[in-house]
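# Fold and contact review
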Amino acid sequence: MNDVTEPVSATLVERAKRALGKRNLVFIGLMGAGKSAIGRLTAQALGVPFVDSDHEIERVSRMTISDLFATYGEEEFRALEARVLKRLLRSGPRVVSTGGGAYINERSRRHIKRGGLTVWLNAELDVLWERVNKRDTRPLLKTENPKQTLENLMRARYPIYAEADLTVLSRDVKKEAMVEEVLAAIADHQKA
Ligand SMILES: Nc1ncnc2c1ncn2[C@@H]1O[C@H](COP(=O)(O)OP(=O)(O)OP(=O)(O)O)[C@@H](O)[C@H]1O
Ligand SMILES: O=C(O)C1=C[C@@H](O)[C@@H](O)[C@H](O)C1
Ligand SMILES: [Mg+2]
């Protein structure tokens with residue numbers, strides 16, 4: 001799989017743009033679902049700015065997510081995440097990819113719901129596991145059995161992610177195909 005973008009249908013892009021209007025598009029979902037990768041490519045297709053809340057948190061704090069968790073703990077991280085999201089979602093349209101736990105936090109979820117149209121990248125355990133087990137940058141997975149931890153997170157979080165406006169199944173197809181599905185979901189959403 002590579003990051004070379006093949007042109008997405010111009011008609012589909014126009015339909016999605018019209019449906020989105022001035023709203024932000026916010027990607028939510030578990031670690032490895034593709035929020036950052038698919039979010040960036042979707043922003044490119046729509047011709048709007050892209051921002052990733054994990055990257056923005058690291059930029060403003062000048063610390064990595066792992067160091068933030070280790071130094072200040074998860075609660076402080078969530079408070080910072082909520083502040084960053086509130087600011088990022090103030091104006092649009094832009095594509096905002098969130099960290100995996102953002103939508104689970106009540107304060108962040110409120111900002112996200114107010115701030116734009118949400119897309120949940122839903123994925124099965126094995127898809128997520130194949131993607132996340134290659135790197136150890138995710139503090140919540142530094143456990144004795146990270147695959148089991150991921151499964152526990154799925155069970156706890158999926159009912160909450162399911163509140164999203166749109167759901168797209170994330171799987172190992174070309175990233176451009178994922179972008180097209182996201183754009184189609186946005187375009188068709190308006191008809192509902
Ligand atoms: N459709 C896809 N096919 C194959 N690989 C993919 C696909 N989508 C994403 N990936 C890869 O999976 C890995 C995880 O994706 P990404 O970092 O976008 O996830 P994320 O949802 O942002 O996770 P986190 O919550 O940890 O930030 C990356 O290496 C990315 O390139
Ligand atoms: O799922 C989560 O709670 C997290 C996901 C990452 O994106 C980071 O925001 C952090 O590692 C926490
Ligand atoms: Mg990400």
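All residue numbers refer to position in the chain's written sequence, counted from 1. Chains carry letters and ligands carry numbers; both start at the beginning, A for chains and 1 for ligands, and go up in the order they are written. The predicted nature of this model means local features are confined to residues of pLDDT at least 70 and side-chain atom pairs, given and counted, to a pLDDT of 80 or more, with totals for whole chains, interfaces and linings taken over all residues.

Under the scheme used here, helices are H or I runs from DSSP no shorter than 4 residues and strands are E runs no shorter than 2 residues, and both carry numbers assigned from the N terminus. Summing up its helical and strand segments, the protein has eight helices and five strands in all. The helix and strand sequence of the protein, counted from the amino end, reads α-β-α-β-α-α-β-α-β-α-α-β-α. Expressed as a percentage of its 192 residues, the buried residues of the protein come to 39%. Whether a residue is buried, exposed or partly exposed follows from its count of other C-beta atoms within 10 Å of its own C-beta, namely 20 or more, 12 or fewer, or something in between, respectively; the C-beta atoms are built from the backbone.

Every helix has an expected span of 1.5 Å times one less than the residues it contains. The end-to-end C-alpha distance of helix α2 (residues 35-46) is 16 Å, a good match for the 16 Å that 12 residues give at a rise of 1.5 Å each. The buried fraction of α2 amounts to 10 of the 12 residues, a majority that puts the element mostly inside the structure. For α2, the full list of buried residues reads K35, A37, I38, G39, R40, L41, T42, A43, A45 and L46. We call two residues in contact when the distance between their C-beta atoms, placed using the backbone, is within 7 Å. On its buried side, α2 packs onto α1 (10-20), β1 (24-28), β2 (50-52), β3 (95-97), β4 (116-122) and α8 (175-189). Count one or two residues on from α2 and you reach G47, which has phi positive near 70°.

Each residue receives a C-beta atom built from its backbone; the residue is near a molecule or strand if that atom lies within 6 Å of it. Near ligand 1, the surroundings consist of 20 residues, among which G34, K35, S36, A37 and G100 are the closest. Sorting the residues of the shell around ligand 1 by element identifies α2 and α8 as the ones contributing at least two each. Counting residues per element, the shell around ligand 1 draws most heavily on α2, at four residues.

Attention shifts here to the UniProt feature "binding site: ATP" (unreviewed entry) in the protein. UniProt positions are given in the numbering used here, feature names are shortened, and annotations may be inferred rather than shown by experiment. When the UniProt feature table is mapped onto this chain, "binding site: ATP" (unreviewed entry) is found at G32, A33, G34, K35, S36, A37 and R138. For A33, the location among the structural elements is in the loop between β1 and α2. Residue classification places A33 among the buried positions, given that 24 C-beta atoms sit within 10 Å. Apart from the residues lying within four places of it in its own chain, the contact partners of A33 are L121, A123, L128 and S170. What makes R138 buried here is the crowd of 20 C-beta atoms within 10 Å. Excluding residues within four positions of it along the chain, R138 makes contact with M31 and V132.

Summarizing the sequence annotation, UniProt attributes the feature "binding site: substrate" (unreviewed entry) to D54, R78, G100 and R157 in the numbering used throughout. Inspection of the secondary structure puts D54 in helix α3 (residues 53-61). When the 20 C-beta atoms within 10 Å are taken as the criterion, D54 is described as buried. Within the element layout of this structure, G100 appears in the loop between β3 and α5 (106-115). With residues near it in sequence (within four places) discarded, G100 still touches G29, L30 and M31.

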